[in-house]
Amino acid sequence: MNTSGDPAQIGSEGCRGTMSAKEDARWLRWVTQQFKTIAGEDGEISLQEFKSALHVKESFFAERFFALFDSDRSGTITLQELQEALALLIHGSPMDKLKFLFQVYDIDVCAWQGASAGTEWGAGAGSHAASSPLGTGSGSIDPDELRTVLQSCLRESAISLPDEKLDQLTLALFESADKDGNGAITFEELRDELQRFPGVMENLTISAAHWLVAPAPCPRPHRPRQLTRAYWHNHRSHLFCLAAYAGLHVLLFALAAGANSHLGASVMVAKGCGQCLNFDCSFIVVLMLRRCLTWLRATWLAQVLPLDQNIQFHQLMGYVVVGLSLVHTVAHIVNFVLQAQVEASPFQFWELLLTTRPGIGWVHGSASPTGVALLLLLLLMFICSSSCVRRSGHFEVFYWTHLSYLLVWLLLIFHGPNFWKWLLVPGILFFLEKAIGLAVSHMAAVCIMEVNLLPSKVTHLLIKRPPFFHYRPGDYLYLNIPTIARYEWHPFTISSAPEQKDTIWLHIRSQGQWTNRLYESFKVSDPLDCGSKRLSRSVTMRKSQRLSKGSKILLENHQFCNIKCYIDGPYGSPTRRIFASEHAVLIGAGIGITPFASILQSIMYRHRKRKHTCPNCQHSWIEGVQDNMKLQKVDFIWINRDQQSFEWFVSLLTKLEMDQAQETQHDRFLELHMYMTSALGKNDMKAIGLQMALDLLANKEKKDSITGLQTRTQPGRPDWSKVFQKVAAEKKGKVQVFFCGSPALAKVLKGHCEKFSFRFFQENF
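Conventions and cut-offs
- Residues numbered from 1 in each chain as written.
- Predicted model: local features only at pLDDT ≥ 70, side-chain atom pairs only at ≥ 80, totals over all residues.
- Heavy atoms only, no water.
- UniProt positions renumbered as here; feature names shortened; annotations may be inferred.
- Helix = DSSP H or I, 4+ residues; strand = E, 2+ residues; numbered from the N terminus.
- Buried < 20%, exposed > 50% of the residue type's maximum accessible area, 1.4 Å probe, protein only.
- Contact = heavy atoms within 4.5 Å.
- Areas by Shrake-Rupley, 256 points an atom, 1.4 Å probe, with all protein chains shown as cover.
- Pairing = 2+ DSSP bridges.
- Axes fitted to C-alpha atoms, helices over the stretch in contact; angles between N-to-C directions.
- Polar contact = N/O pair within 3.5 Å; in protein donor to acceptor, adjacent residues only side chain to side chain.
- Salt bridge = Lys/Arg side-chain N within 4 Å of Asp/Glu carboxyl O.

Per an unreviewed UniProt entry, the protein chain goes by NADPH oxidase 5 and derives from Rhinopithecus bieti. Checking UniProt for the protein chain, the heading Subcellular location (unreviewed entry) contains the comment "Membrane".

Shown next as structure tokens:
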């Protein structure tokens, strides 16, 4: 439940009186209005209406809450009953909430199953409701009752576990709480068990019931981030380049406008914008020279230039080009209108704007018609490159319209007499890079040797690694599979470590047309080129991958193939900086884990290479190796929405944990943090028992029940303030945060990094 400004947080100590009379009155008015909205004309809430309003996934909790809210056992909830129940849940003391929780758990299993399968509550069911055992219990919780509750907790948190594991969870919690060993948990025993989890009793809520809490007052307008010292520390190269870019435009505009001051204001504006466009339309391509940028990342210029923001600068220059083009066009139109109004003018306005007759321009008077064509082309490219087009399954529209930059360059050469001079160096670099990329990618076509279809519609490709393909952890490549789309190239992060010599791994999430076609093409039983010499390739693959045995993802849904493909790369990414970090924090959201898969494998490989063990006394020590790795600590944080999203990467993480387990506590430098956002937290009545049981069983078995890792999967989203406070307190050196995931989360993380003066790097394509 969103606690920002809600009354439940105002009374965190459980005292209703902590709310002011004004706030309490506002809350009661709002609850009354919500009741009228839910109840309808009859003025009472039925069970079905209650379920719809509560938005719970599991009907068990809706029925239990309904029965406890319905104090007179009438089968419906009145306004007074709702207000009393909400007053307890929102304003009540921890003990009041604990009693409510105990009543939820204290059920007669057989009677509840019969009631939930029988007649529905509501109109016409009053007699059934009055005799229902849902609202009352035996005063204690037996193992079967606890199992029923935990099973519903699992469903509410979208967690799927086998029955055997559910039994283990039930017994772990039951044996821990049943202090006297009489086979039942009393209220006092449940209270004592909860007290082992600090802060839980004070914050018990029903988080899914959004209508229980009045909306927070409208937030104040967002103020621009001030130019603080921390902001400057994280953005100094970015700000410097923006200032240089703006200053260069002012200079170019002033020089061109001054040279044409005798021709009037409209011509001065047109010429000034034109000179700026000469620079923008030629330099904009430099920002997308991926090979050049990858080479620059290995030089000292990577510390000065914001190479990680090349795409953002490219987009910014695109906006500037469109804006300057419009101003340039309007200025010329004004000039043509003035010329056409002169009595001695031999040309009309439309002739000046659309024809070559006036002789404007250096190539057969083509400046005006080429200018109109350029403006239309630029507007088309601008519209088709918007995010609504690119991310709505129409990437091909963006791709093919963007290829018209070649026509734009050609028209600009005819349009402006000096543009070719500006284009000379960037154009040569561009065509050299394209020629090299084309030659390298087609020099030796590679093949997809194996495919694994993983949970969450992730396609794991194993591609034969060419002998000339040298890359670093976190790098990415462009992939073309002619059988999927002949002319389409798409970027994907390499998820295998460079030390894995025989194959390249790619993990591709199905999110667009191309990736969906890729996944669906392998769902058929015998995809194209996957049948011939299957056993021969199987023997070859197993032999070539002995070195990576244990880290290979073992799934049933895999196929051996021989599908022709082309790769272009590798290209560098911000994560190349990680080995120069002292304390690295790697944060991945969903499939954003792929660059860190390669990095984590490479880190452990380098660590093993450094470590030596005496064959006689088994004493181990770390020896310096010339690998430029300064890492002292790595925190790896992975956030997933559901349980399935963890499955494809668990085998690698298990191997990393096993390697770390062999180290002494002092030598362990890798710490894993797993979060599942669909799982409800310990503060929620619908999950507190489950989370307690998961903690107890994890401590007993030394592994997490959800992922099988030693690291306990935490429910909900990370508390970033606490996470970064802990990182700062460890004092393992300068902290650098590397993130791959959604832009919305990137903004949140960037703000926290500025607060703690951490460097922040985001993976971009």
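1. What about the overall build of the protein chain?
Each helix and strand counted, the protein chain has 28 helices and 14 strands in total. The proportion of buried residues among the 765 residues of the protein chain is 51%. Within the protein chain, residue pairs in contact and separated by at least 24 positions form 71% of the contacts whose partners lie at least 6 positions apart. If you sum the accessible surface of the protein chain, you get close to 37,300 Å²; carbon and sulfur atoms cover 58% of it.

2. Overview of the side chain of Ser-602
Here Ser-602 is to be found in helix 24 (residues 594-610). For Ser-602, the residues in contact, after removing those within four places along its chain, are Pro-473, Ala-497, Pro-498, Glu-499 and Phe-579.

3. Some words on the sheet that holds strand 13 (residues 735-740)
Note: strands within a sheet are paired through backbone hydrogen bonds, in either parallel or antiparallel orientation. Taken together, the six strands give an open sheet; going across it, the order is 12-11-10-7-13-14, and neighbouring strands pair in parallel fashion. The sheet is open, and its two borders are formed by strand 12 (713-715) and strand 14 (759-762), each paired with just one other strand. Direction aside, neighbouring strands of the sheet carry axes that sit 20° apart on average. In this sheet, strand 10 (residues 633-640) lies alongside strand 7 (residues 583-589) in parallel orientation, the contact comprising seven bridges.

4. Quick look at the side chain of Arg-465
Relative to the assigned elements, Arg-465 resides in the loop between strand 2 (458-464) and strand 3 (476-480). From its side chain, Arg-465 meets the backbone oxygen of Pro-498 in a polar contact 2.8 Å long. Residue contacts for Arg-465: discarding those within four places in its chain leaves His-470, Tyr-471, Pro-498, Gln-500, Lys-501, Asp-502, Thr-503 and Ile-504.

5. Details of the environment of Ala-445
Among the structural elements, Ala-445 can be located in the loop between helix 21 (419-443) and strand 1 (446-454). The class of Ala-445 is partly exposed, set by a relative accessible area of 40%. In this structure the C-alpha to C-alpha distance between Ala-445 and Lys-564, which are 119 residues apart in sequence, comes to 6.7 Å. Not counting residues within four places of it along the chain, the set of residues in contact with Ala-445 comprises Lys-564, Cys-565 and Tyr-566.

6. Section: the pattern of salt bridges
Considering all chains together, one arrives at 16 salt bridges under this definition. With a shortest N-O distance of 3.9 Å, Lys-457 and Glu-520 are connected by a salt bridge. Taken together, the residues Lys-457 in the loop between strand 1 and strand 2 and Glu-520 in helix 22 (residues 513-521) connect sequence positions 63 residues apart. Residue Lys-457 is classed as partly exposed on the basis of its relative accessible area of 35%. Judged by its relative accessible area of 38%, Glu-520 falls in the partly exposed class. The salt bridge partner of Glu-671 is Lys-726, with a shortest N-O separation of 3.4 Å. Of the two residues, Glu-671 sits in strand 11 (residues 670-676) while Lys-726 sits in helix 27 (residues 720-730), which places them 55 residues apart along the sequence. You can call Lys-726 partly exposed: its relative accessible area is 39%. In this structure, a network of salt bridges that share partners links the residues Lys-633, Asp-635, Glu-671, Lys-726 and Glu-730.

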